[in-house]
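Here are the chains, one letter per residue:
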Amino acid sequence: MTGATVHRTDLRYRLGLNLRAVVGRAYPRVIGANREPSWIFFEAFLPLLGIAAYVFIYQAFGARALEDASDPAAVAAILANTNALVASVVLGGTMVSFWLNVLWSMASQLYWEKEIGNLQLYMMAPMNRMALLGGMAVGGMLMTSTRAVATLVSGVVIFGVVFQVADPLLLFAVFFVTLIALYGMGMMFASLYLLWGREAWHLSALMEEPIFFASGFYFPLGGLARIPGWGSAVAFAGTIIPAGLGLDALRQLTLGATAFGGTLWLFTPQVELAILAILAVVFLVLARYALAYLEMLAKREGKLTSRHQ
Amino acid sequence: MAYAVETRELTRVFAGKRKLFRRAKAPSEEADEGTGPVTALDHVTTQIREGELFGLLGPNGAGKTTLIKILATLLLPTSGQAFVAGHDVAKDVFPIRQRINMVSGGETSGYGLLTARENVWMFSQFYGVPSQVAKDRIDRLMQTFGLWDKRNAKVRMLSTGQRQKMNMVRGFVTDPDILFLDEPTLGLDVNAARIIRDYVKTWVRGQTGKTVLLTTHYMMEADEMCDRIAIIDQGRILACDTPANLKRMIRLDTTFRLEVDALRETTSFGSIHGVKNFSLKDDIAKNRTNLTFILEDEAPVAEILSRITGQGSKVHSLQKSEPTLEDVFISMVGRGFE
C-alpha cells in the first residue's frame, strides 16, 4: 500500500484507541438514555413502589412490637431494628437498579446489537472487544447510578431511613468492586446470550425474581442462611451473584455490624470485599474468553454477526 | 504491483441448517428443502489494484456480500486465501481493520436516541479518530452529502435516504484506505444515489492510495463508476475487465429487445439456431413479457417473431441495441438479474 496512510500499532496508540472506544460506546448509554425524561417515572418512581411494599410490612411489624414494649431500651431496640430493616430494603432497591441493568442492558445487549445491525460494525472495528464491553459497562454503571441515587434519596426522604457510615473508604471500595464484579458478570453473559439467541430473553426473565430472593435484595442475606436445611445452600449459591455479597457488606458498613444483633451477616465486609475482588477478576477473564470464542464462532459459521441468521 | 485486495482460490461454504434430534437427510432431500450446504464462493481468484474503483456485479445470492464479509474480517474462508492491504484476513486482522470500513445498503445501524452527528462520532471512536478531528470530518461530510440540516436530528426521525447518507458519512469518517460498499444506493431516490456516486468517484480519484470495492446489481451504476468489473454468479467470477472491454466481448453479437404480450411458452427460444442466449422479464401490470436476445447475427429474428406470433402474442416493440453489462451477463449465464 504505497500511497496509503501509515498506521500505528504501538502500545500507546492501542491504549488511546481502546479508551476512545470505551468512551464512544458509553456515550449512548449516558447521554441517550437520559435524553427522555420518562426514565424518572419508569426507573426511579416505579421501583420505589416495589420498595414501599416491603417497607410497610417491616414498619407494621415494628409498630406491632412497639405496642407490647414499655421499657425505653426495648423501644429503642425495636426502632433501631425497624430502621435497619427499612434501610436494608432501600439499599436492596438501589442495587436492584444495577442488577436489572446488568440483566437487560448488558447481558442481552449484544443480541440486540446484532438485531439492529450494529454488531458486525463493532466486530469490524480495530478496537479490542473488551473495550466494547467495557464501554457498555461504564455507560451502564453511570446511567444506572443516577437511577440508583434517585431511589436512595427518595427512600431516605420518604421513609426517613438513617445510615451511619463508619468507614467511608471501605464502603466506597466495596461498592466499586461490587459494580465491577456485577458488570463483569454482565459482560460474560453478553457473549453467552448472543450464542443462545432468542432463548436468552427468557433467561433474563428467569433470573429476575429468583436472584432478588437468593441475593437478599429485600432482607439481610444472613437471615436466609440461617433457615435450617435449604436456607444456607440457597444463600451461598446466591453469593455467586456479586450483588448478594456486595449488599451484605454495604449493609454492614452503613448500618453497623451490630445491627440485627450482629447475627444476620454472612461474612465480615473485608472478607466479602476479597471474595468480590476474586469474582470480578474471574468474570472479566471469562468475559474476555467468551467474547473471543463468540467472535471465532461468528467468523467460522457466519451466523452471529448478521441479522436474521 | 501492490494489490489492495487479493483472493486466491477463495471458497466459502455455509453449513446446512441442521436441527438437534432430527434424522439425517439425504443430500438430494436437503437440496430440495434448501437446507443443505451452500457454496457461496467457489474458488474465487481476483486482484484489486490500489487506487482502483472495482465493481462486483451479480444478481442476489451471487456471493457478493459473502466476499465483502470475508474481506472485512467478519467471516473466515472455508478454503483458499484472501489478503487485504497485504495482510491475510484469517491471521492478521488488526492492520486490516485499521485500514477498512464498510457501508451496506439498507443498513439500520446506530441508536435512535442519538443524533446523526453523535452516531457517526460514536463509530469514529472505535477507530481511534481524535474526537475533534472526527467532528470536523463529520461536519464536512454531512455538508457534502446534503445532511447538514439533519445533523442534530435523532436517528429515528431520519428517512431511509437520510439514514443511508448518514451511513456513508460513517464509512468515510475514519478515512479508510479501502472502503467496501455493499449495494450502497439500494432503495435511494435518484438524487441521493447521484450524490453518493459522485462523492465515491471523487474520493477514489482525487487522492492516492484509496480503493473501493463496490457491489451492486445496478448495471448503470457499475458501468458509470467502476474502473474494472467482475461479474459474479453462483459464487464464481465469470469475467473481470473494464466495462468497455466486457461489452466488447459481445460486440460482435447482436442484441435485440422485444416487448410482447405475455407468453405461455418460452423455453423453445433457446433451440433456435443463432440464439446465443436470452432472458425474459414478465411485466405483470401490463400483462407483457420483455425479452432480450443475444444473437450471432440478425438471421434468427424472423424465427423468433414467428414463434411469438404463433402463440397468439402480439409484438409491441422490437429494438436492436448496443450491448449493456446486463447483456454481457445474459450471454454468459443465460438469464438476467431479476
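Quantities reported herein were computed from a predicted structural model and do not represent experimental measurements.

## Notes on the overall build of chain B
Inference 1: Looking only at helices and strands, chain B features eleven helices and 14 strands.
Inference 2: When the backbone C-alpha atoms are referred to their principal axes, chain B occupies close to 70 × 50 × 45 Å.
Inference 3: Here chain B, with 338 residues, has 55% of them falling under the buried criterion.
Inference 4: For chain B, long-range pairs separated by at least 24 residues make up 73% of all intrachain contacts whose partners lie at least 6 apart in sequence.
Inference 5: For chain B, the accessible surface area stands at approximately 14,900 Å², while carbon and sulfur atoms represent 50% of it.

## Brief notes about the nonpolar core
Inference 1: Core analysis: the biggest nonpolar cluster contains 165 residues, and Trp99 and Phe217 of chain A together with Phe180 of chain B have the highest contact counts within it.
Inference 2: Lining this core are residues from two domains, each supplying at least three of them: domain 1 (1–18 + 35–99 + 176–250) and domain 2 (108–173) of chain B.
Inference 3: The contact partners of tryptophan 99 of chain A, leaving out residues within four places of it in the chain, are Leu182, Met185, Met207, Glu208, Ile211, Phe212, Phe217 and Ile241 of chain A.
Inference 4: Ranked by size, the runner-up nonpolar core spans 14 residues in total, among them Val260, Val275, Phe278 and Leu291 of chain B.

## A short note on the confidence of the model for chain B
Inference 1: Per-chain confidence: chain B averages 89 in pLDDT, with 93% of residues scoring 70 or above.
Inference 2: The ipTM value of the predicted complex is 0.87, and its pTM value is 0.85.

## Focus: the interface of chain A and chain B
Inference 1: Counting residues at the interface gives 46 residues for chain A, matched by 51 residues for chain B.
Inference 2: Summed over both partners, the interface of chain A with chain B comes to about 4,000 Å²; 57% of that surface belongs to carbon and sulfur atoms.
Inference 3: Counting across the chain A and chain B interface gives two salt bridges.
Inference 4: Note that glutamate 295 of chain A and arginine 97 of chain B form a salt bridge whose closest N and O atoms lie 2.9 Å from each other.
Inference 5: Within the residue set of the side of chain A that touches chain B, elements represented by two or more residues are α1 (11–32), α4 (109–116), α5 (119–124) and α13 (269–301) of chain A.
Inference 6: No other element matches the twelve residues that α1 of chain A contributes to the side of chain A that touches chain B.

Conventions used here
- Residue numbers restart at each chain and count upward from 1, following the sequence in its written direction.
- The lettering of chains begins at A and the numbering of ligands begins at 1, in the order of writing.
- The predicted nature of this model means local features are confined to residues of pLDDT at least 70 and side-chain atom pairs, given and counted, to a pLDDT of 80 or more, with totals for whole chains, interfaces and linings taken over all residues.
- Excluding hydrogens and water, the side-chain figures rest on all heavy atoms present in the structure.
- Helix numbering and strand numbering both begin at the N terminus, where a helix is a DSSP run of H or I of at least 4 residues and a strand a DSSP run of E of at least 2.
- The cut-offs for exposure are 20% and 50% of the maximum accessible area for each residue type, with area from a 1.4 Å probe on protein chains only; residues under the lower value are buried, those over the upper are exposed, and the others partly exposed.
- For this analysis, residues touch if any pair of their heavy atoms sits within 4.5 Å.
- Residue burial considers only the protein chains on display, and all accessible areas are found by Shrake-Rupley using a 1.4 Å probe.
- Side-chain atoms within 4.5 Å are what join buried Ala, Val, Leu, Ile, Met, Phe, Trp, Tyr and Cys residues into a set we call a nonpolar core.
- Segmentation into domains, and thus their bounds, comes from an automatic or database assignment.
- Confidence of the predictor at the level of single residues is given by pLDDT, which spans 0 to 100.
- Two parts placed together each lose some accessible area under a 1.4 Å probe, and the buried area is that loss summed for both.
- Whenever Lys or Arg places a side-chain nitrogen within 4 Å of a carboxyl oxygen from Asp or Glu, that contact is recorded as a salt bridge.

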